[in-house]
Structures are given as C-alpha cells and as structure tokens.
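Chain by chain, the residues run as shown.
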Amino acid sequence: MEDAGWSASSEEQLPRRGQAMASSSRGTCDSTQHSYPLRSRQKARTCAPPLKLTDLMDELIQGIFPETLSDAARASGTCRTFYRLFKRDVVARRLVLPDRPMRSESELVVLEDLARAGNAAARFRLAISWVYESAEHTQPLVGPVDGYDKGLRMLRSIAEPEQHSECSSNLVGDALFEIWHLTRNGEERDNLLRRAAAAGHVAALIELHGTSRERLQALGLTRPLDTGDVFSPAWLAATWQVLANPSAANDRLNKTQWRHYCDRPGCVRWRFRKKEVRRREAEGLSPAPYIRLWKCGRCRCACYCSKACQTLAWPKPHRDECDRHLGLGNHPVNTTLPA
C-alpha cells in the first residue's frame, strides 16, 4: 500500500526547484545536504526619519538665515526653528555685528557666546576690550588679572589663517598689527609688521613705507587723512566698544600720572609710565600692555603709537597745540603760574 504522503515518483515529476522546496518543507535532508528555513523575499520597510530644517546643508541655512545680528535676533524670537539656528556655530560664525558698542549685560553675553562659537569679529572686539580696558574693571567672564593674557591669546588665534580660515584678510591684518604693538622683541615686531602689510593693512603699510605724498598716493590716500581710510570698521567698532566703558573717560583724565596714552583722539592704546613699570616689576606684577610711543619731533610733547596716528592727528588738533608749545603763530605759550 502506497503512502498517502509524497512518493519518489511524485518527487521525480517535480522540477528541481520544487524538489528543494518539498524537501525543506518536510524537514528532511540527505546525508550530504542540509536544510535551511525559508525566508520571505519581501524586505522589511524602514521608515526614514523626518527631515528637519536644522538637518539641511550649511549652504542652504546660510541662504535662509539673516546675516546681521539684529535681524537674526529678531527672527529667532519669532520662530523656534530660527532660534535653534541662531544657536548653531555655523550660523553664529558668519553673523555681522552692529557698529555701535555692545555694553549692556545681555549684549555682552551674546558677544561672548558668538566668540565661543568662533565669530572672528566678536573675538576681535572682546580681545581689544580685554587688553586695553581698565585693570580695575572686572569683565563678565574674565577677571582683572588674566584679561590681558586672554585678550592677547585671542588676537594670536585670529592672526593664524590656518585655524580660522573664515577670517577676512582685513581682520587678520588688524590682529597682526595689534600684536605688533604689544610685542617687545624687535625681530618678531618686524615680522609681524610685514605680515600685516602683506595682508593689506593700511596702517601697517604707512608704518613700513612712510607718509610721503608719493607713498600715500600709491595707497590711494591724500592729506588730510580720514580715520575710516586708515583703520578698518572692525577696529573702529572695537575702539568704540572700549570708549563706551563708563570708566574710560575717568581713566584718561585721572590716571595719566601712571599711564601714558596715545594722543590721537579716539585711540585707546596706552602703556604704563617708566616709574610705574619699575614699581610693578618690583612687586612682581605684569607691566603689560607694553606699547611703544614716539614723541612729536617738533614739540617733543605729544606721543603717538604709530605713524598713522601721528598723521591723523597732525591737521587737527595737534598742529595748533604744537604751535602753542613752540610759541608760534597766534597761540603764545601761557607762562603764568597758578596761584
């Protein structure tokens, strides 16, 4: 009696592929073959994650988000997605700061957040503030002692194009020219000045080649010079940031007995006087910032930190002051002593 199951004759009538399926369905195998469980041909569906605006390419984000800080802050206050974009480093690094000083507590916090994200303009503005502001003024995140050192390190980081490729050549030249002012070593100073001139810094070119009429015409400048023609908007905004400090005017008026400022109006560079330097070195304090000041070759009274500052200050107000010191023109020297 034949078995009701599969017979040998029935297996021979099946195609080869059907034999394999039949053999595997019975769960039997020969001594030389192995059986494997059947697998479904249909692949499991994988759900793709939802696409978010913050996951788009950086180029697309740069085309969507505003570039100025004021517009970006206004947009981030109206949309949660824009607020997340505002916190991203790729967006914070390209934001354009306003020209006005940012001195309020909230503005200083924003400025420091942008500096941490790698915004070169914010880093440069904070570095100038930390270097030249009053030693008695405690910064929000930097104390009165390490403010100068932190500012100098930040300037050096801006001056390295390998680390900050997004920095413009003008900002790199500003940083190099500022480090040149703060450096004592003569050979290193010459190298920094040449690098700043190679980056196209106008004040460095004037310092390197002089202020003759031919040199100024080669730079596209004519006398009398304007401050905006010599210094970049980033440097001017950084100086306004320092001058907006409430203690800046008092420092310039009341601390001249142990500080020596550059006599060009609007310049924030200063150094300690020699007597104060000796006192600080005897007490183990840092004599920084170290700025070289050159006296006017005519009256020997006014001092300037660079040829650019001296050239800018000559028409007004120093020319009348120089004549007054020498007793020339209609400005006689006041020889009366106070009572």
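Residues numbered from 1 in each chain as written. Predicted model: local features only at pLDDT ≥ 70, side-chain atom pairs only at ≥ 80, totals over all residues. Heavy atoms only, no water.

## A few points about empty space enclosed by the protein
Here's step 1: In total, this model carries two cavities of 30 Å³ or more according to the counting rule given.
Here's step 2: Taken as a whole, the second largest cavity holds about 40 Å³ of empty space.
Here's step 3: Around the second largest cavity, the lining residues are Phe124, Asp174, Phe177, Glu178, His201, Phe231, Trp235 and Arg269.
Here's step 4: Looking at the lining of the second largest cavity residue by residue, the classes come out as four nonpolar, one polar and three charged. (1 Å grid on protein atoms, 1.4 Å probe; cavity = no way out; pocket = protein on both sides within 12 Å on 5 of 7 lines; lining within 4 Å. Points joined across faces, edges and corners; volume = space filled by probe spheres on them. Nonpolar A, V, L, I, M, F, W, Y, C, P; charged D, E, K, R; others polar.)

## Some details on the packing of aromatic side chains
Here's step 1: Taken as a whole, this structure holds five aromatic pairs when the rule is applied.
Here's step 2: Ring geometry for Trp258 against Phe272: centres 5.7 Å apart, planes inclined by 15°, an arrangement best described as stacked. Pair noted here: Trp258 is in the loop between helix 16 (248-254) and strand 1 (259-261) and Phe272 is in strand 2 (residues 270-272), with a separation of 14 residues, a long-range link. An identical accessibility class is assigned to Trp258 and Phe272; each is buried.
Here's step 3: An angle of 90° between the planes, with centres 5.0 Å apart, marks the rings of Trp270 and Phe272 as edge-to-face.
Here's step 4: Clustering of aromatic rings is evident, with ring pairs tying together Trp258, Tyr261, Trp270 and Phe272.
Here's step 5: A cation over a ring is seen here: Arg184 above Tyr290, with NZ or CZ 4.3 Å from the ring centre.
Here's step 6: Note that Arg259 overlies the ring of Trp270, its terminal NZ or CZ placed 3.8 Å from the centroid. (Phe/Tyr/Trp six-rings, centres within 6.5 Å; stacked < 30°, edge-to-face > 60°. Helix = DSSP H or I, 4+ residues; strand = E, 2+ residues; numbered from the N terminus. Buried < 20%, exposed > 50% of the residue type's maximum accessible area, 1.4 Å probe, protein only. Lys NZ or Arg CZ within 6 Å of the ring centre and 35° of its normal.)

## Description of the nonpolar core
Here's step 1: Ranked by size, the top nonpolar core spans 70 residues in total, and within it Phe124, Ile128, Tyr132, Leu155, Leu182, Val230 and Phe231 carry the most contacts.
Here's step 2: Among the elements that line this core, the one with the most residues is helix 8 (residues 120-132), at nine residues.
Here's step 3: When residues no more than four places from it in sequence are discounted, the contact partners of Val230 are Val202, Ala203, Ile206, Leu225, Ala308 and Leu312. (Core = buried A, V, L, I, M, F, W, Y, C linked by side-chain atoms within 4.5 Å. Contact = heavy atoms within 4.5 Å.)

## Regarding the pattern of salt bridges
Here's step 1: One pass over the structure, following the stated rule, counts eight salt bridges.
Here's step 2: Salt-bridge contacts for Glu188 lead to Arg156; the nearest nitrogen and oxygen are separated by 3.8 Å. One end of the pair, Glu188, is in helix 11 (residues 186-198); the other, Arg156, is in helix 9 (residues 147-158), with 32 residues separating them in the sequence.
Here's step 3: Its relative accessible area of 30% is what places Glu188 among the partly exposed residues.
Here's step 4: Between Glu276 and Arg279 there is a salt bridge, and its shortest N-O distance comes to 2.3 Å. One end of the pair is Glu276 and the other is Arg279, both in helix 17 (residues 274-282) and three residues apart, which spans about a single turn. (Salt bridge = Lys/Arg side-chain N within 4 Å of Asp/Glu carboxyl O.)

## A short note on the packing of helix 7 (residues 105-117) against helix 8
Here's step 1: Closest axis-to-axis distance for the helix 7/helix 8 pair is 7 Å, and the angle between their directions is 120°. When the interaxial angle is binned, helix 7 and helix 8 end up oblique. The interaxial crossing formed by helix 7 with helix 8 has left-handed handedness. Residues Leu111, Glu112, Leu114 and Ala115 of helix 7 lie in contact with helix 8, whose contacting residues are Ala122, Arg123, Arg125 and Leu126. (Axes fitted to C-alpha atoms, helices over the stretch in contact; angles between N-to-C directions. Parallel < 35°, antiparallel > 145°, perpendicular 65-115°, else oblique. Left-handed = near helix turned anticlockwise from the far one by under 90°.)

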